[in-house]
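# Structural features, examined
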Amino acid sequence: MTSIDIKANLDAVHDTIAAACARANRNPDDITLVAVSKKKPIEAIVAANMSGMRHFGENRVEEAMEKIPLVNQQADEKPIWHMIGHIQSRKAKLVEPLFDVVHSIDTLKIAAKLSQLAGESQRTLPVLVEVNISGEAAKYGFEASDWKNKPEIKENFWNTVEKLLQLPNLEIRGLMTMAPFYDDMQRTRPIFAGLAELCEQVRSDFHVTLPDLSMGMTNDYPIAIEEGATILRIGRAIFGERA
Ligand SMILES: *Cc1c(COP(=O)(O)O)cnc(C)c1O
């Protein structure tokens, strides 16, 4: 994939974002596009950076450790790095110094560990809480499917949020989810609407801002925008198919 292709892909993604925003009566400036660069070489990431991309997402710690320092050296403007994949707790200490935002808080243990590490680095780490809203056998994320009909699920999730909000060095920015892959992207709508509704209820019960909803990938981001996404995580539409 040449830098010309990446530039053209980015233009097309920005057009699609603008069209979805127009349908939803939203301002594109309220949406952050994270270019998911997993499995892509540093040349492609640097090319995207040259085309104006600031935010990048990686999902594996080892790969990120190799690529991030090199991309940072070559970048025009320092990229902002988002961790979007599951973190094993023994790898938390590798994640904290590399990433600016973590989307994949899926256990209290990893949250507590990252808070401690951020404290040792004398900083506050912005994070999102990963939620399994679809009820499908998602691998990661706090269980929150059908929370409106199942009091025990709601209670468990609310207890989790309460504990997360108490961690001193994390800034809980909002919720993140991954929809299952569907041929018809309209089928993702209830999942994204469900995450938005869950976030709204948490905001109002805990009197917190939680400004961000991280949802929407190559297959479904127009729907995610219509349902309130503030952060999109898009890989293939920008960098092409992964090997
Ligand atoms: C790979 C990945 C994405 C991007 O998926 P694409 O289909 O390439 O847009 C988004 N979020 C997470 C958590 C991912 O692992």
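Scroll up to find the structure.
Counting starts from 1 at the beginning of each chain's written sequence and moves along it residue by residue. Selection of residues for local features in this predicted model requires a pLDDT of at least 70, selection of side-chain atom pairs for listing and counting requires 80 or more, and totals for whole chains, interfaces and linings are taken over all residues. Hydrogen atoms and water are omitted, and side-chain values are computed over all heavy atoms in the structure.

## With respect to the nonpolar core
Where we set the bar: Buried Ala, Val, Leu, Ile, Met, Phe, Trp, Tyr and Cys residues that are joined via side-chain atoms within 4.5 Å together make up what is termed a nonpolar core. Here's how the labels work: a residue is buried when its accessible area is under 20% of the maximum for its type, exposed when over 50%, partly exposed in between, all with a 1.4 Å probe on protein chains only. The numbering of helices and of strands both runs from the N terminus, where a helix is a DSSP run of H or I of at least 4 residues and a strand a run of E of at least 2. Any two residues whose heavy atoms approach within 4.5 Å at even a single point are treated as in contact.
Counting residues in hydrophobic clusters, the biggest one holds 73 residues, and the most contacted among them are L114, F157 and L198. A total of seven residues in this core trace back to one element, the largest contributor, which is helix α7 (residues 189-206). With near-sequence residues (within four places) excluded, L114 lies in contact with I87, A92, V95, E96, V102, I105, L125 and L170. In terms of nonpolar packing, the next biggest core, distinct from the first, is built from five residues, V101, L128, M176 and I231 among them.

## Side note on the site of the ligand
Our working definition: A cutoff of 4 Å decides nearness: a residue is near a molecule or strand if any of its heavy atoms lies inside that distance of it. Any pair of N or O atoms that falls within 3.5 Å is considered a polar contact. Within protein, one atom must be able to donate a hydrogen and the other to accept it, and sequence-neighbouring residues count only if both atoms are side-chain atoms. Residue burial considers only the protein chains on display, and all accessible areas are found by Shrake-Rupley using a 1.4 Å probe.
Contacts to the ligand come from V36, K38, I84, M178, M217, T218, R233, I234, G235, R236 and R242. A distance of 2.5 Å separates an oxygen atom of the ligand from a polar side-chain atom of T218. Here G235 contributes a backbone N or O atom positioned 2.8 Å from an oxygen atom of the ligand. Considered on its own, the ligand offers 390 Å² of accessible surface; in the complex 94% of this is hidden by protein.

## So, empty space enclosed by the protein
Cut-off, in case you're wondering: Think of a 1 Å grid over the protein atoms and nothing else: a 1.4 Å probe that fits but is trapped marks a cavity, an open set flanked by protein within 12 Å on at least five of seven lines marks a pocket, and residues with an atom within 4 Å of a point count as lining. Grid points are joined across faces, edges and corners, and a volume is the space filled by probe spheres set on the points.
Per the stated rule, a full pass over the model turns up one cavity of 30 Å³ or more. Estimated volume of the largest cavity: approximately 40 Å³. Around the largest cavity, the lining residues are V129, V161, L164, I172, L175, V202 and L210. Taken together, the elements giving at least two residues each to the lining of the largest cavity come down to α6 (151-166) and β7 (170-176).

By themselves, these are just geometric observations and shouldn't be taken as functional.
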